[in-house]
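# Descriptive analysis of the structure
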Amino acid sequence: LGASALLAQNTITVRGTILDAEKQPVIGAGVIQTGTTNGTATDVDGHFTLTVPAGGVLTPQAIGYDTLTVKATSSTLNITLNEEATQLDETVVVGYGTQKKASLTAAIANIRDEELNATKQVDVTASLQGKVPGLLIRQVGGSAGDFDTDLNIRGFGEPIVVIDGVVRTAQRRGRQFGGNSFSNSSTSILSQLNPEDIESISVLKDASASLYGIGSQNGVILVTTKKGSVGKPTIRYTNTLSIGFPTAIPQEVDIVDNLLYQNEMYANIHYPARYSDELIQHYRNGDPGYVDTKWMDEVLRDHSFQQNHSLSISGGTQQTQYYLSTRFNQDNGIYKGDGLGYNAFNFQGNVTTKVNDNLTVVYQSSFDTNRRLGMSTNNSESNFFYYVAYSERIMAPTVYGNPSHYTYASGEHWNPVAILDIDTMGYSKTAMHNYNNSLDFKYDAPFLKGLTLDAFASFNVSQRQTNVLDKSMSVYDYWTDEVIEAAKGTSQYAENWNKTMSLYGKLQANYNKRW
């Protein structure tokens, strides 16, 4: 007892707050007791709590900030992290042009292509995880081609995404039952960009974002794509081969124990036993036909496979520079259904030419096309795992002795394996195409040194086609092959087309002079 009291006297619970130079909370900053593995991380308000020996040394640290040490002499600590001095000479893209990082007074975070591609991710949003202070990223779903990610700055709503000066969105599937509605999403367009094409990303967090008007109250993410440079042609090829594994598959008890536990549960609510002693004995004996179906194994592969290939060429002369790239991305997903998955192709082209000493023209063009094949809308993926969990372990996906007939699987008669069979229950096909073209004229006025006139125009076309085939099916008794329900689901076919065109223009004058 005396030793325990002495130990309690020698420890202290530190509650603190970590802020940046603008007095904004640093989210996800690590706080570690120096020389140990004892540590924690700050929450969305920059708060942390950590129990350490009295007088112990703490090391707060976060990406993009100087590391410092603090002595734990008080139960309350307020810590300010300063940005790394080595980053202050970087040029940062802001809403109205560029600035040296050292001269910034607004809350703007910047990340270069080297940092972005340090972690090899096909999804740009995933590549940003943990690299921008205050940028919160939460992946909602992992289905191939869904790009179902929530992104916000400092806990507010979805920010605007501006790519090469143009506000851009892409359509994302809805999350409700059926999953056949679409809405415009900034996060979705960011996720579909090729990380290899990005030169830098700037995140505007405060009033500096107001230049973009309605919607900018949640912040703005500025994306600048790569341009060509003077020199011989440079060809670059990169590929990423990814294998994914399910991380939270529930471990099931033995089938006999499962049946006994369910009978016990029924007895506790004064219901008759659900499974007979005779049935349980068949499982003890291992008799033919008495299956123990692991439904997760029936619908999920051991692993998913994704491949991403990117090829680019850049170069140019003193007069004209170019950057051209293509990318192919394929994600087969984790479901066992034949053909289910996602394919995408991207093209990006940037050409800069100096017409004369005063006039420079920049032409940019991009084309994206992607196709996704998923399960029918008789069910949505949000309900799919409910049916998996509800399916009977004592019943196989198909009838005993007749693999061409699907069993009813559960009390609701939805068979998860049948749902993944597009020939039996149908499919949902979605094809999206995006065309983006822009032309930028930059004129350095010879009559007034420091004056630059900029005329910019962009034309964008987005198309989406959705083909949905829902098919009803018959489900059968596992043992007798008798029809349990003759028409499970609804038979219907629907096609939907959506086309959006936008024209954007900008006239801007910049005057830069030192006195």
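It should be emphasised that the depicted structure is a prediction, and the values quoted were computed from it without experimental measurement. (Residues numbered from 1 in each chain as written. Predicted model: local features only at pLDDT ≥ 70, side-chain atom pairs only at ≥ 80, totals over all residues. Heavy atoms only, no water.)

What follows is about the overall build of the protein. Tallying secondary structure elements over the protein gives 10 helices and 30 strands in all. Along the longest, intermediate and shortest principal axes, the C-alpha atoms of the protein span 95 × 75 × 40 Å. By the burial criterion, 45% of the 515 residues in the protein qualify as buried. In the protein, once contacts between residues fewer than 6 apart in sequence are set aside, the share between residues at least 24 apart is 64%. (Helix = DSSP H or I, 4+ residues; strand = E, 2+ residues; numbered from the N terminus. Buried < 20%, exposed > 50% of the residue type's maximum accessible area, 1.4 Å probe, protein only. Contact = heavy atoms within 4.5 Å.)

What follows is about a negative patch on the surface. Residues Glu-252, Asp-297, Glu-298 and Asp-302 make up a contiguous surface patch of negative charge. Relative to the elements of secondary structure, Asp-297 occurs in helix 7 (residues 295-299). Judged by its relative accessible area of 48%, Asp-297 falls in the partly exposed class. (Patch = residues over 30% accessible without salt bridge, like charges linked within 9 Å, V, L, I, M, F, W, Y side chains within 5 Å. Areas by Shrake-Rupley, 256 points an atom, 1.4 Å probe, with all protein chains shown as cover. Salt bridge = Lys/Arg side-chain N within 4 Å of Asp/Glu carboxyl O. Lys, Arg positive; Asp, Glu negative; His and termini not counted. Charge placed at Lys NZ, Arg CZ, Asp CG, Glu CD.)

In this model, the protein carries an average pLDDT of 85, and 90% of its residues clear a pLDDT of 70 or more. Taken element by element, the protein is modelled with least confidence in helix 1 (residues 2-9), mean pLDDT 41, and with most confidence in strand 24 (residues 398-399), mean pLDDT 96. Low confidence marks residues 91-96, where pLDDT is under 50. Its contacts with residues over four positions away, or in another chain, come to 31 contacts. Note that pLDDT drops below 50 for residues 98-106; the model gives that stretch 23 contacts with residues more than four away or on any other chain. (pLDDT = per-residue confidence, 0-100.)

Looking now at the packing of aromatic side chains. One pass over the structure, following the stated rule, counts 14 aromatic pairs. Ring geometry for Tyr-335 and Phe-385: centres 6.2 Å apart, planes at 35 degrees, overall tilted. Of this pair, Tyr-335 sits in the loop between strand 21 (320-331) and strand 22 (341-354) while Phe-385 sits in helix 8 (residues 381-390), placing them 50 residues apart in sequence. Its relative accessible area of 32% is what places Phe-385 among the partly exposed residues. (Phe/Tyr/Trp six-rings, centres within 6.5 Å; stacked < 30°, edge-to-face > 60°.)

Moving on, we come to the pattern of salt bridges. Counted according to the given criterion, the structure contains seven salt bridges. Of the charged contacts, one joins Glu-392 and Arg-274 as a salt bridge, the two residues approaching to 2.4 Å between their closest N and O atoms. Taken together, the residues span a long stretch of sequence, with Glu-392 in the loop between helix 8 and strand 24 and Arg-274 in the loop between helix 5 (255-268) and helix 6 (277-285) at a distance of 118 residues. Asp-292 is the salt-bridge partner of Arg-393, the closest N and O atoms lying 3.0 Å from each other. Residue Arg-393 is found in the loop between helix 8 and strand 24, and its partner Asp-292 is found in the loop between helix 6 and helix 7; the two are separated by 101 residues along the sequence.

Moving on, we get to a nonpolar patch on the surface. On the surface, a nonpolar cluster with roughly 420 Å² of combined accessible area is contributed by Leu-241, Ile-243, Phe-245 and Phe-305. Examined against the element boundaries, Leu-241 turns out to sit in strand 19 (residues 231-244).

Take the environment of Ser-186 next. Inspection of the secondary structure assignment puts Ser-186 in helix 4 (residues 186-191). Taking C-alpha positions, Ser-186 is 19 Å from Arg-371, a pair spaced 185 residues apart along the chain.

Turning next to the sheet that holds strand 22. Within a sheet, neighbouring strands are paired by backbone hydrogen bonds and run either parallel or antiparallel to one another. The strand order across the open sheet formed by eight strands is 19-20-21-22-23-26-27-30, and the pairing between neighbours is antiparallel. Looking along the sheet, the strands with just one partner apiece sit at the ends: strand 19 and strand 30 (492-511). Here the average twist between neighbouring strands, direction ignored, is 5 degrees. Inspection of the sheet shows strand 20 (residues 304-316) paired to strand 21 by 11 bridges, in the antiparallel sense. Following the sheet pairing, Ser-310 is matched in strand 21 by Arg-327. (Pairing = 2+ DSSP bridges. Axes fitted to C-alpha atoms, helices over the stretch in contact; angles between N-to-C directions.)

Among the structural elements, Thr-407 can be located in the loop between strand 25 (402-406) and helix 9 (416-419). By relative accessible area, which is 0% here, Thr-407 ends up buried. With residues near it in sequence (within four places) discarded, Thr-407 still touches Met-395, Ala-396, Pro-397, Thr-398, Val-399, Asn-415, Val-475, Tyr-476 and Tyr-478.

Taken residue by residue, helix 6 has Leu-279, Ile-280 and Tyr-283 as its buried positions. Along the axis of helix 6, the buried positions cluster into a sector of 100 degrees, meaning they face one direction only. Facing away from the buried side of helix 6 by over 90 degrees, the exposed positions are Asp-277 and Glu-278. Where helix 6 is buried, its residues meet helix 5. Gly-286 sits one or two residues past helix 6 and shows a positive phi near 70 degrees. (Arc of directions from axis to C-beta.)

So, on to unusual backbone geometry. Backbone geometry places Asp-164, a non-glycine residue, at a positive phi of 50 degrees. Its location among the elements puts Asp-164 in the loop between strand 13 (160-163) and strand 14 (166-167). A positive phi is found at His-413, a non-glycine position, where the angle reads about 65 degrees. Inspection of the secondary structure assignment puts His-413 in the loop between strand 25 and helix 9.

Our next topic: the pairing of strand 27 (residues 451-470). Direction of pairing for strand 26 (residues 426-444) relative to strand 27: antiparallel, over a ladder of 19 bridges. Across the sheet, residue Tyr-443 finds its bridge partner in strand 27, namely Leu-453. The hairpin turn running from strand 26 into strand 27, its antiparallel successor, is six residues long, and Gly-450 in that turn takes a positive phi close to 100 degrees. With 20 bridges joining them, strand 27 and strand 30 adopt antiparallel strand pairing. Residue pairing for strand 30: Phe-456 is matched across the bridge by Lys-506.

Contact geometry of helix 5 with helix 6 gives a least axis separation of 9 Å together with a crossing angle of 165 degrees. Between helix 5 and helix 6, the interaxial angle falls into the category roughly antiparallel. Along this stretch, helix 5 crosses helix 6, giving a crossing that reads as left-handed. Listed contacts from helix 6 to Ile-255, Val-256, Leu-259, Leu-260 and Asn-263 of helix 5 are Ile-280, Tyr-283 and Arg-284. (Parallel < 35°, antiparallel > 145°, perpendicular 65-115°, else oblique. Left-handed = near helix turned anticlockwise from the far one by under 90°.)

Here we take up the sheet that holds strand 3 (residues 39-41). In space, the four strands of this open sheet follow the order 3-2-5-6, with antiparallel pairing throughout. Looking at strand neighbours, the two that pair on one side only are strand 3 and strand 6 (70-71), the edges of this open sheet. Bridge count for strand 2 (residues 30-33) against strand 3 is three bridges, and the pairing is antiparallel. Among the inter-strand pairings, Gly-30 is bridged to a residue of strand 3, identified as Ala-41.

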